[in-house]
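Breakdown of the fold
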Amino acid sequence: VQLQASGGGMVQAGGSLRLSCTASGGTFSRYGMGWFRRAPGKEREFVAGISWTGITYYKESVQGRGTISRDNAKNTVVLQMNSLKAEDTAVYYCAADSRLRPIKTTEYEYHNWGKGTLVTVSS
């Protein structure tokens, strides 16, 4: 499966962004999908995930500010981020887990990755 992320950009602190990831070449409805990010000078980390059954899970610091959703008819997963903070600045990546299992939060569990999209939050 190929993944294409979009929606990054520059936003002021307190603002919102909507990140989208579109999949092609696979059976999207059977994939668990995750969003990860890599901030400058830091390792890539899990942000949010949605299982193939629609169960969601969030990084603690994103809980309440982020919403992940999927549209299987459009092969798309969306991460809506609100109340953005400077520490949310990072390159955001979407990833697919092709195994039918609960959400995974470690990057090595995901076998397909899209190119990142940069989110810059100015304070």
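My aim in this report is to walk through the structure given alongside it, one point at a time. (Residues numbered from 1 in each chain as written. Predicted model: local features only at pLDDT ≥ 70, side-chain atom pairs only at ≥ 80, totals over all residues. Heavy atoms only, no water.)

Let us look at the overall build of the protein. Scanning the protein from terminus to terminus reveals zero helices and eleven strands. Seen through its C-alpha atoms, the protein measures out along the principal axes to roughly 40 × 25 × 25 Å. Contacts in the protein between residues at least 24 apart in sequence constitute 57% of all its contacts with a sequence separation of at least 6. Accessible surface for the protein amounts to roughly 6400 Å². Of this, 48% is attributable to carbon and sulfur atoms. Separation between the mean location of the 15 positive side-chain charges and that of the 9 negative ones in the protein comes to 5 Å. (Helix = DSSP H or I, 4+ residues; strand = E, 2+ residues; numbered from the N terminus. Contact = heavy atoms within 4.5 Å. Areas by Shrake-Rupley, 256 points an atom, 1.4 Å probe, with all protein chains shown as cover. Lys, Arg positive; Asp, Glu negative; His and termini not counted. Charge placed at Lys NZ, Arg CZ, Asp CG, Glu CD.)

It is worth spelling out the sheet that holds strand β8 (residues 76-81) at this point. Read from one edge of the open sheet, four strands run β1-β3-β8-β7, paired in antiparallel fashion. The sheet is open, and its two borders are formed by β1 (2-6) and β7 (66-71), each paired with just one other strand. Strand-to-strand, the axes of this sheet are offset by a mean angle of 15°, without reference to chain direction. Direction of pairing for β1 relative to strand β3 (residues 17-24): antiparallel, over a ladder of five bridges. By the bridge assignment, A5 is partnered in β3 with C21. (Pairing = 2+ DSSP bridges. Axes fitted to C-alpha atoms, helices over the stretch in contact; angles between N-to-C directions.)

Such coordinate-based values are descriptive only and should not be taken to indicate function.
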